[in-house]
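Coordinate analysis (summary)
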Amino acid sequence: QLYVGESIRYTVRIRIGEQMSKATLIAPSGDGLDVKQIGDDRQAEPVLNGRRYLVITRDYQITATKPGTILLRGAEFRGNVVKSGRGFGSTLRIPVEKQTDNLELTIKDKPASYQGLWLPTQDLQLEQQWQPDNQEVRVGDPLTRTITLRIKNAEQSSMPNLALQYPDKVKVYNEKPVYSTVNGYTVMTLKQVILTRERGELELPPLSINW
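Read on for a plain summary of the structure. (Residues numbered from 1 in each chain as written. Predicted model: local features only at pLDDT ≥ 70, side-chain atom pairs only at ≥ 80, totals over all residues. Heavy atoms only, no water.)

Turning to the sheet that holds strand β9 (residues 76–84), a few remarks are in order. Overall, antiparallel pairing links the three strands, which are arranged β3-β9-β10 in an open sheet. What marks the edges here is a single partner per strand, and that holds for β3 (20–26) and β10 (91–99). In this sheet, adjacent strand axes meet at a mean angle of 15 degrees when their direction is disregarded. (Pairing = 2+ DSSP bridges. Helix = DSSP H or I, 4+ residues; strand = E, 2+ residues; numbered from the N terminus. Axes fitted to C-alpha atoms, helices over the stretch in contact; angles between N-to-C directions.)

Below, the structure written as structure tokens:
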């Protein structure tokens, strides 16, 4: 079960123990599903029961785009196994097709009563760091605020805009957000440099995200 806008990770692993030609992997698919490959293929060559295999692992991110019951068609592998023929220099190419099981998904719509940004995910982590990390600064000295947002299995395009309203007593310089992918999380790092303009007590705004 997923909500509209929620993503899951789909991993395909192929173990090949024969010489192949014209090998191709067809991505999983489904009406109302957005499928994208994540990163590059990973390869290994283990020896299992005295036989060497080529193992290829590929990750996909699947995002639900509409509610309802949707059939996720499994990934499909196609290729030719190359065998030596009986005649001198002749070869045989035997077509091979393998497909993973289909999966039925139930996609739930956003609740009608929900207010604010719609951000469905299994896990969201938000943290900040201050440099310097004490509570006293001199007028004109820079104060750096680094905000890190991690959302599991999220599209970069779905990351929220971290807008903060600062008081007029400070000048704020925003650096361009930096995005990365770590262990299934899309990570956005935002750095702000804050300059104080006058003496006195100063309250800086907190940051909260509904999800």
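For side chains bearing opposite charge, pairing can occur when the charged atoms are close. Under the counting rule described, the total for this entry stands at nine salt bridges. For Lys36, the salt bridge identified is with Glu155, shortest N-O distance 3.5 Å. Taken together, the positions of Lys36 in strand β4 (residues 33–44) and Glu155 in the loop between β13 (142–152) and β14 (170–174) put the pair 119 residues apart, joining distant regions of the chain. Overall, the relative accessible area of 42% leaves Lys36 in the partly exposed class. (Salt bridge = Lys/Arg side-chain N within 4 Å of Asp/Glu carboxyl O. Buried < 20%, exposed > 50% of the residue type's maximum accessible area, 1.4 Å probe, protein only.)

Excluding glycine, a negative phi dihedral is what most residues carry, and trans is how most peptide bonds are arranged. For the bond from Gln131 to Pro132, the omega torsion is -5 degrees, close enough to zero to count as cis. By secondary structure assignment, the location of Pro132 is in the loop between β12 (124–131) and β13. Unusually for a residue other than glycine, Asn49 sits at a positive phi of about 55 degrees. Note that Asn49 resides in the loop between β5 (47–48) and β6 (51–52). Overall, the relative accessible area of 85% leaves Asn49 in the exposed class. Positive phi is not limited to glycine here, since Asn153 has a value of about 50 degrees.

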